[in-house]
Amino acid sequence: MSDPLPILAHGESYAQPVQKKTGGGSKPRPHEYEEARNRLLANIGAVSRQMQTDPDSYLEEKVVCIRMEPKFEAKSYAPSSVLTSSDELQVIGGRRYKTGNVQPQKNSNDEDAGEQLEFAKLYFLRTTSKGLADFENALRTGSNESDAWRNEVMSIRSFDLLEPGEKILGFDAEWKEGLVEAVLHPLQESAEDAVDLFCKAAGLGRDEIEVRSYKDGVTFIAAQLSREATMAAARINPLRTVHPMGRIAFEPIRSAMSAPAPQVAAAQNVPPVTVGVFDGGCNPNVPLLSGYVNAHDAVASLPDQDGIDHGTGVCGAVLHGELSGKGASDVLPAPEVKVESFRVLPPSDPIDIDLYESIDAIEYVVGHNPDIQLYNLSFGPAGPILDDDISRFTYALDVLSYNRDAEPPLFCIAAGNDGDLPSPDNRVQSPADLVNGIGVGAFCILPDGTKARAPYSCVGPGREGAKIKPDLLEYGGDINKPFVVVASSGNALGASAGTSFASPLLVHKLGRMMSRSEDISQHLARALVLHNSKHSDSFVREEYGFGIAPDDPSSCLSCDDNRVTTLYQGMLRPKQLVSLPIFAPGIESAKGLITISWTIVAVCETNPNDSDAYTSSCIVDTLIPHANKYTYSLKGTSYRHTVNLATEEGRIKAAELELQGYTSSTLPVSKPAKKYWEESELRANDMKWDSVISRTQRMKSSSLYDPKLTLQSLFRNNNDPDALTRYYAVVTVDAPGYNGSLYNSTLQEYRNLQPIKLRIEPRLEARS
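The rules behind these values
- Residues numbered from 1 in each chain as written.
- Predicted model: local features only at pLDDT ≥ 70, side-chain atom pairs only at ≥ 80, totals over all residues.
- Heavy atoms only, no water.
- 1 Å grid on protein atoms, 1.4 Å probe; cavity = no way out; pocket = protein on both sides within 12 Å on 5 of 7 lines; lining within 4 Å.
- Points joined across faces, edges and corners; volume = space filled by probe spheres on them.
- Helix = DSSP H or I, 4+ residues; strand = E, 2+ residues; numbered from the N terminus.
- Expected span 1.5 Å × (residues − 1).
- Buried < 20%, exposed > 50% of the residue type's maximum accessible area, 1.4 Å probe, protein only.
- Contact = heavy atoms within 4.5 Å.
- Pairing = 2+ DSSP bridges.
- Axes fitted to C-alpha atoms, helices over the stretch in contact; angles between N-to-C directions.
- Salt bridge = Lys/Arg side-chain N within 4 Å of Asp/Glu carboxyl O.

Caption draft 1: How the structure looks around empty space enclosed by the protein. The full count for this structure, using the stated rule, is four cavities of 30 Å³ or more. Contributing to the lining of the largest cavity are 13 residues, with Ala466, Ile468, Asp471, Ser691 and Val692 lying nearest its centre.

In structure tokens, the structure reads:
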């Protein structure tokens, strides 16, 4: 059998900019202008009376809501013209709200998928009494009645205040008291006053809360509250949300195994990749960790044994993987990564307020260790994520995962172990819902050898911007076949199960990929492992994400003669559209069907002020299978013709159509044809605004010629000159009927492509 062929890199060297026509008519508005204007005037009057009735719940800066009608959630319908009525009206965030209506739901095949509650977009506006008066005056006098103003007014459902019940999220009927996280709106002049108002309403002193604020963002407050105090705090105007916070509970290392642990082969080189592990500490002196793990205390508290046990098992999984079947007579290959272990638990305060001390420590460590590009976190507060709220833990990691000036680190997070609870309590847990990292669920192995989601593994969906969570499943074990880990004392092994160990096992594989080739960065490794995850028609997306992680990471780095994978990476500015060649010379002459699959990972900035628009940008992908096939359309009609301009017959047909008034499309025909879906349908069916795209298209070879993949950056705010989205793309062409070697043909025709450079070392070759 021939040696595997390294995957190809530098596909972006052939990227070409594309100019695209814009168009499309205005959508009919749901209200007549006079009716909408009068309704908004009545709304403003009601808001003003409510503020006068309870003045102690408001500050000089006030937060009001504009609720859009359903199907007007796209960024193009944001109420920007309305804001021109006053200098003291500014959008400071948003979320979804329930309209009370029920609508039919369609799936991606346009089939009826039942009914669901209808949601629409809500915008938060920061204003003052003067700003409200200015808006009211503009509506009464018509001083701002441009077309844009009228269209926005006709698209608004109501102008009002957020009700206390809309702020209280995730509390069940049995909850009496406990840790909560409150989120305050971003105020300009009254931020400190808002914190004081929260304390007054909740009956707390400033020394009884923890406060963390982010530039231009919300303020997070952690506190111990009763139900009554929570209800009282929900009445103040600066409060956006409040939700309960769960405690940390480590998966116990159930037992020390009777067989002694295996030995480790002597290393010939220092591992080229360093992994950061945030956990409860570890014992770096046990034989399986010694020489490969440095331990650091990142918090001032004393370690506890459960944390040391857990962290030692996690570090062992990062270094060696899972150790089932290994004993004293086995010799493990030398690790291909080294570990810096940072103890961030337990907190110094025994009644830790939402892990704020631990999050502070993580922010400090990451900021002061730019050489560490891959991290594992196998802990988080219990409790499901909430669609209309973003925890500080999630936001902090997403901020750390985005850097305009350099490639940012990658975080892998355990998805949580409450998957066997009733919905929605079984949903993925913070911070595994981050959009710029990997949330890792767990699979177990059934008695017949089948891999299946472990019942304890938390499920999706994730939040807006990362709706597919967990990203994938890795082995986590179960009671019948536990995950075998390094014990924290002696030279022994332990047994456990959980997503806590699935995550470091995936990190082990990502680290090996990065160690094998300097061409594989952390986010390219992320794209590769998602691209090569195993899929099945029986997999439910909410349970399996993009699939089950590949067994051998080396397989992600190799091609076959007629199954070729190419890597691309780059940066996109607002509205930028690029065309990436899909390298397949002569593919139109191959026999049989061709499969093209692609995975794109975007690393983008995030916005904690708007849970419905958490990702500030996304990438829109389009497959163009045939470079010479264009659509000719007649304006004002539904007449369409597809013409192949590479043939004489096609050129004659095109000339005839042009004489009849038809015009050609700017770009060749895409597949599948892009549908004119509403924003809500694009989000649900096409995963618009998500940071990961993964697709497969199977086609006849005769329908392919010089295929391309176009990527367009879509930003919610196109006015930031420094805005950018990093992308990492993996494209595989599988052509079993290709005549000759597609791999060799590709390298011969595209000289800028290079096989990735693999580090060939005896230490690496020893690993199977």
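On we go from here.
Caption draft 2: Region of interest: helix α1 (residues 33–53). The first and last C-alpha atoms of α1 sit 30 Å apart over 21 residues, in line with the 30 Å expected at 1.5 Å per residue. Among the residues of α1, those classed as buried are Tyr33, Ala36, Arg37, Arg39, Leu40, Leu41, Asn43, Ile44, Gly45, Val47 and Met51. Taken together, the buried residues of α1 touch β4 (62–68), α2 (129–141), α3 (147–153) and β7 (156–160).

Caption draft 3: Structural detail: the sheet that holds strand β9 (residues 209–213). The strand order across the open sheet formed by four strands is β9-β10-β8-β11, and the pairing between neighbours is antiparallel. Edge positions in the open sheet fall to β9 and β11 (239–244), since each of these has one partner strand only. Going across the sheet, the axis of each strand differs from the next one's by a mean of 25°, ignoring polarity. Direction of pairing for β9 relative to strand β10 (residues 219–226): antiparallel, over a ladder of five bridges. Counterpart to Val211 in the pairing with β10 is Ile221. Strand contacts of helix α5 (residues 191–202): β8 (177–184), β9, β10 and β11, with the helix running at about 10° to β10, the strand carrying the most contacts.

Caption draft 4: How the structure looks around the sheet that holds strand β3 (residues 16–17). Taken in spatial order, the four strands line up as β3-β27-β34-β29 in an open sheet, and their pairing is antiparallel. A strand with exactly one partner marks an edge of an open sheet, and here the two such strands are β3 and β29 (617–624). For strand β27 (residues 577–581) and strand β34 (residues 708–715), the ladder comprises five bridges, and the chain directions are antiparallel. Bridge pairing in β34 places Val578 opposite Leu711.

Caption draft 5: Looking closely at the pattern of salt bridges. Across all of its chains, the model carries 34 salt bridges by this definition. Of the charged contacts, one joins Arg206 and Glu192 as a salt bridge, the two residues approaching to 3.3 Å between their closest N and O atoms. Of this pair, Arg206 sits in the loop between α5 and β9 while Glu192 sits in helix α5, and the two are 14 residues apart along the sequence.

Caption draft 6: Up close: unusual backbone geometry. With an omega dihedral of 5°, the bond running from Ser430 to Pro431 counts as a cis peptide bond. Relative to the elements of secondary structure, Pro431 occurs in the loop between β19 (410–414) and β20 (438–445). Omega for the peptide link from Lys469 to Pro470 comes to -5°, which places this bond in the cis form. Within the element layout of this structure, Pro470 appears in the loop between β21 (451–453) and β22 (472–475). Here Lys71, not a glycine, exhibits a phi torsion of approximately 75°, which is positive. Positionally, Lys71 belongs in the loop between β4 and β5 (89–106). When its relative accessible area of 33% is taken as the criterion, Lys71 is described as partly exposed. Positive phi is not limited to glycine here, since Asp706 has a value of about 45°. One can find Asp706 in the loop between β33 (692–700) and β34. Residue class for Asp706 comes out partly exposed when judged on its relative accessible area of 31%.

Any functional reading would require information that these geometric values do not contain.
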